[in-house]
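Residues per chain, in single letters:
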Amino acid sequence: MSNIIEKMNQALGLELRAINMYAHYAAYVKGMHRLQLEPMFQGEATESMVHAATIRNAIVKHGGVCVTERDSHPITHTGNYREMLQFALDTEVKASEIYGDLLVNLEDIDDRELYDAVEQIYLAELRSVEEIRSILPKQAHSAVQWKASIDKMLQMGVSVFVECGPGKVLSG
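Since the structure is predicted, the reported quantities are computational estimates derived from the model, not experimental observations. (Residues numbered from 1 in each chain as written. Predicted model: local features only at pLDDT ≥ 70, side-chain atom pairs only at ≥ 80, totals over all residues. Heavy atoms only, no water.)

**Student:** Where do I start with the overall build of the chain in this structure?
**Tutor:** Scanning the chain for helices and strands turns up 5 helices and 0 strands. Reading the chain from its N terminus to its C terminus gives the helix and strand order α-α-α-α-α. Across the 172 residues of the chain, 38% fall into the buried class. Look at the contacts in the chain between residues 6 or more apart in sequence, and 79% of them connect residues 24 or more apart. (Helix = DSSP H or I, 4+ residues; strand = E, 2+ residues; numbered from the N terminus. Buried < 20%, exposed > 50% of the residue type's maximum accessible area, 1.4 Å probe, protein only. Contact = heavy atoms within 4.5 Å.)

**Student:** I would appreciate a short explanation of the pattern of salt bridges in the present structure.
**Tutor:** Two side chains with opposite charge may pair up if their charged atoms get near one another. In this structure the tally under the stated criterion is 5 salt bridges. A salt bridge links Lys-61 to Asp-111, with the shortest nitrogen-to-oxygen separation between them at 3.1 Å. With Lys-61 in helix 2 (residues 34-61) and Asp-111 in the loop between helix 3 (81-106) and helix 4 (112-141), this residue pair connects regions lying 50 residues apart in the sequence. Salt-bridge contacts for Arg-112 lead to Asp-116; the nearest nitrogen and oxygen are separated by 3.2 Å. Residue Arg-112 and its partner Asp-116 are located together in helix 4, separated by 4 residues, close to a single helical turn. Judged by relative accessible area, which is 32%, Asp-116 ranks as partly exposed. (Salt bridge = Lys/Arg side-chain N within 4 Å of Asp/Glu carboxyl O.)

**Student:** Honestly, the nonpolar core in this entry has me stumped. Any pointers?
**Tutor:** Inside soluble globular proteins, nonpolar side chains tend to come together where they are buried. By size, the foremost hydrophobic cluster in this structure holds 23 residues, and its most contacted members are Met-8, Ile-55, Tyr-99 and Val-118. Elements with a contribution of two residues or more to this core: helix 1 (2-28), helix 2, helix 3 and helix 4. In terms of residues, this core owes the most to one element, helix 1, which gives 8 residues. Formed by 19 residues, the second largest nonpolar core is a distinct cluster that contains Ala-18, Tyr-22, Val-29 and Met-40. (Core = buried A, V, L, I, M, F, W, Y, C linked by side-chain atoms within 4.5 Å.)

**Student:** Help me understand the packing of helix 1 against helix 3, please; the structure alone is not making it clear to me.
**Tutor:** Any two packed helices are characterised by the angle at which their axes cross and by the distance between the axes. Remark: helix 1 packs on helix 3, axes separated minimally by 10 Å, with the N-to-C direction vectors making an angle of 160 degrees. The orientation of helix 1 with respect to helix 3, classified from their angle, is roughly antiparallel. Crossing geometry of helix 1 relative to helix 3 is assigned as left-handed. A per-class count over the contact of helix 1 with helix 3 returns 17 nonpolar, 4 polar and 6 charged. (Axes fitted to C-alpha atoms, helices over the stretch in contact; angles between N-to-C directions. Parallel < 35°, antiparallel > 145°, perpendicular 65-115°, else oblique. Left-handed = near helix turned anticlockwise from the far one by under 90°. Nonpolar A, V, L, I, M, F, W, Y, C, P; charged D, E, K, R; others polar.)

**Student:** Can you walk me through the environment of Glu-131 in this structure?
**Tutor:** Relative to the helices and strands, Glu-131 is located in helix 4. The class for Glu-131 is partly exposed, based on a relative accessible area of 35%. Taking the C-alpha atoms as reference, Glu-131 lies 9.9 Å from Met-40; in sequence the two are 91 residues apart. Those residues in contact with Glu-131, other than ones at most four positions away along the chain, are Met-40 and Glu-44.

**Student:** Mind showing me how you'd approach the side chain of Glu-92 here?
**Tutor:** Here Glu-92 is to be found in helix 3. Among buried charged residues, Glu-92 stands out as having no salt bridge; its nearest opposite-charge side chain is Arg-17, 8.3 Å away. Residue contacts for Glu-92: discarding those within four places in its chain leaves Tyr-22, Glu-44, Glu-125, Ser-128, Val-129 and Ile-132. (Lys, Arg positive; Asp, Glu negative; His and termini not counted.)

**Student:** How should the environment of Leu-89 be read in this particular structure?
**Tutor:** Note that Leu-89 resides in helix 3. For Leu-89, a relative accessible area of 9% puts it in the buried group. Separated by 43 residues in sequence, Leu-89 and Ile-132 place their C-alpha atoms 6.0 Å apart.

This is the structure we're talking about:
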């Protein structure tokens, strides 16, 4: 059981780190990418809180002591959305590995409820990995959400727009 508690505490520490990282990135993502990424980062932070609560309760149920410190891997401050996405992907890959290992360990104990809960978290982590992997190349070469971006800037009080680039898309 001590190996399982240790692995759950590793997962808990990573979730605590993810809460901080995603909240930080949601606050610092700028420009047109903010429209898509800020809600995604907020959603990931919220999901990490739910995962942390689930794992914390399981540790207590099985007589363990929960960590209160986040995983020690540093959270890199950046204003570059591509770097934010890459750091998010690295975090989600690590989390999916930890939960995958935990599932293997949980097969040896008689707690189907915990197994099912961890399996759901594991699948959520895998979905996050795939979502971020699909967003990374799109952000690098896809069209921006033009109308939504302009509407948001107008709401923010922007009144002057300057076209930058080789063409005359705005001026015709």
